[in-house]
Amino acid sequence: QQQVKQSPQSLIVQKGGISIINCAYENTAFDYFPWYQQFPGKGPALLIAIRPDVSEKKEGRFTISFNKSAKQFSLHIMDSQPGDSATYFCAARKGNYGQNFVFGPGTRLSVLP
Amino acid sequence: KAGVTQTPRYLIKTRGQQVTLSCSPISGHRSVSWYQQTPGQGLQFLFEYFSETQRNKGNFPGRFSGRQFSNSRSEMNVSTLELGDSALYLCASSLVGAGEQFFGPGTRLTVL
């Protein structure tokens, strides 16, 4: 119940294409869902986050879609660029405070020039 | 503003030894969290400290411990090292513990 499942494990997209990464969870107590981007040799960095009272959130080329009834959320990267090549993690947290996140296993994205 | 710093960046130890990792949060941040990252288990939450008190703890054995000092700097300690403890240990800080957390570059621990 504490798990967050993430797919695909790896993704190859052409420059300008749309990258889509999906996550699913079981614990309905989760109420905050961030996405992190990690480059080799660096720590993860927050990309965008959503709460379950919103079905979609967009920031620039990055959009989170959230389906509360299906307990699924996804990251869409529009107009994907080679600089977006990184590992992406979805995560979930229950409660209003604390940093005790549960992370998905990660998706390695490669954007071909 | 300087980011989260972690020392050392790389560490090699042998089984049975103990190790202490250090994390300096962003100035003004009072919450420090620690994570273990491995290829097999991914990113796993270890514990969180806020104002020198452990606020949350992940599902790790008692060999993993931590503390936070009055200046918000934090250390984590792993005793009786096992081969499976080889991982990237990440520290993250946030202002009050509910907002965005900023990760450091990590300490790469190798246990031989």
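Note: the structure precedes this text.
Note that the structure is predicted; figures quoted are calculated from it, not measured. (Residues numbered from 1 in each chain as written. Chains lettered and ligands numbered in written order. Predicted model: local features only at pLDDT ≥ 70, side-chain atom pairs only at ≥ 80, totals over all residues. Heavy atoms only, no water.)

Take the overall build of chain A next. When you go through chain A residue by residue, the secondary structure sums to zero helices and 11 strands. Shown N-terminal to C-terminal, the secondary structure of chain A runs as helices and strands in the order β-β-β-β-β-β-β-β-β-β-β. The C-alpha extent of chain A, read off along each of the three principal axes, is 40 × 30 × 20 Å. Put simply, chain A has 113 residues, and 46% of those count as buried. Counted over contacts in chain A with a minimum sequence separation of 6, partners at least 24 positions apart contribute 54%. When the accessible area of chain A is evaluated, it comes to approximately 5,600 Å², of which 50% is carbon and sulfur surface. Put simply, chain A has 12 plus and 7 minus side-chain charges, and the middle of one group is 5 Å from the middle of the other. (Helix = DSSP H or I, 4+ residues; strand = E, 2+ residues; numbered from the N terminus. Buried < 20%, exposed > 50% of the residue type's maximum accessible area, 1.4 Å probe, protein only. Contact = heavy atoms within 4.5 Å. Areas by Shrake-Rupley, 256 points an atom, 1.4 Å probe, with all protein chains shown as cover. Lys, Arg positive; Asp, Glu negative; His and termini not counted. Charge placed at Lys NZ, Arg CZ, Asp CG, Glu CD.)

Residue and element names in this part refer to chain A. Nonpolar side chains collect at one region of the surface, where Ile18, Ile20 and Met78 lie side by side and expose about 240 Å² of accessible area between them. Relative to the assigned elements, Ile18 resides in the loop between strand 2 (10-14) and strand 3 (19-25). Residue class for Ile18 comes out partly exposed when judged on its relative accessible area of 46%. (Patch = residues over 30% accessible without salt bridge, like charges linked within 9 Å, V, L, I, M, F, W, Y side chains within 5 Å. Salt bridge = Lys/Arg side-chain N within 4 Å of Asp/Glu carboxyl O.)

Residue and element names in this part refer to chain A. Strand order in this open sheet of five strands is 1-3-8-7-6, and the pairing throughout is antiparallel. The open sheet has two free edges, formed respectively by strand 1 (4-7) and strand 6 (56-59), since each of these has just one partner strand. Geometrically, the sheet is characterised by an average inter-axis angle of 15° between neighbouring strands, direction not taken into account. The pairing of strand 6 with strand 7 (residues 62-67) spans four bridges and is antiparallel. Note that in strand 7 the partner of Glu56 across the bridge is Ser65. (Pairing = 2+ DSSP bridges. Axes fitted to C-alpha atoms, helices over the stretch in contact; angles between N-to-C directions.)

This brings us to the environment of Ser74 of chain A. Residues and elements named next belong to chain A. Here Ser74 shows up in strand 8 (residues 72-77). The sequence separation of Ser74 and Asn27 amounts to 47 residues, and the corresponding C-alpha distance is 17 Å. Excluding residues within four positions of it along the chain, Ser74 makes contact with Ile21, Asn22, Trp35, Thr63, Ile64 and Ser65.

Residues and elements named next belong to chain B. For Asn56, the location among the structural elements is in strand 6 (residues 53-57). Judged by relative accessible area, Asn56 falls into the buried class, the value being 17%. Of the polar contacts made by the side chain of Asn56, one reaches the side chain of Glu48; its length is 2.9 Å. (Polar contact = N/O pair within 3.5 Å; in protein donor to acceptor, adjacent residues only side chain to side chain.)

Listed by partner, the interface residues are 21 residues for chain B and 16 residues for chain A. When chain B packs against chain A, the two sides together hide about 1,500 Å² of surface, and 53% of this comes from carbon and sulfur. Where chain B meets chain A, there are zero salt bridges. At the junction of chain B and chain A, the tally comes to two residue pairs in polar contact (both at pLDDT 80 or more). Looking at the side of chain B that touches chain A, the elements that each hand over two or more residues are strand 4 (31-38), strand 5 (42-50), strand 6 and strand 9 (87-94) of chain B. Tallying contributions element by element places strand 4 of chain B first for the side of chain B that touches chain A, with four residues. (Buried area = accessible area lost by both parts, 1.4 Å probe.)

On to the pattern of salt bridges. All names here are of chain B. Per the stated rule, a full pass over the model turns up eight salt bridges over all chains. Here Glu48 ties to Arg55 by a salt bridge, and the two come within 2.7 Å at their closest N and O atoms. The partly exposed category is assigned to Arg55, whose relative accessible area is 24%. Arg67 serves as the salt-bridge partner of Glu75, at 3.3 Å between the closest nitrogen and oxygen. Under the relative-accessibility criterion, Arg67 is labelled partly exposed at 47%. By sharing partners, the salt bridges in this structure join Arg63, Glu82 and Asp85 into a single network.

What follows covers the packing of aromatic side chains. All names here are of chain A. Applying the stated rule across the entire model yields 18 aromatic pairs over all chains. Plain terms: the ring middles of Tyr25 and Phe30 are 6.2 Å apart, the flat faces sit at 65° to each other, and that makes the pair edge-to-face. Comparing Tyr25 with Phe30, the two get one shared label, buried. An angle of 55° between the planes, with centres 6.3 Å apart, marks the rings of Phe101 and Phe103 as tilted. (Phe/Tyr/Trp six-rings, centres within 6.5 Å; stacked < 30°, edge-to-face > 60°.)

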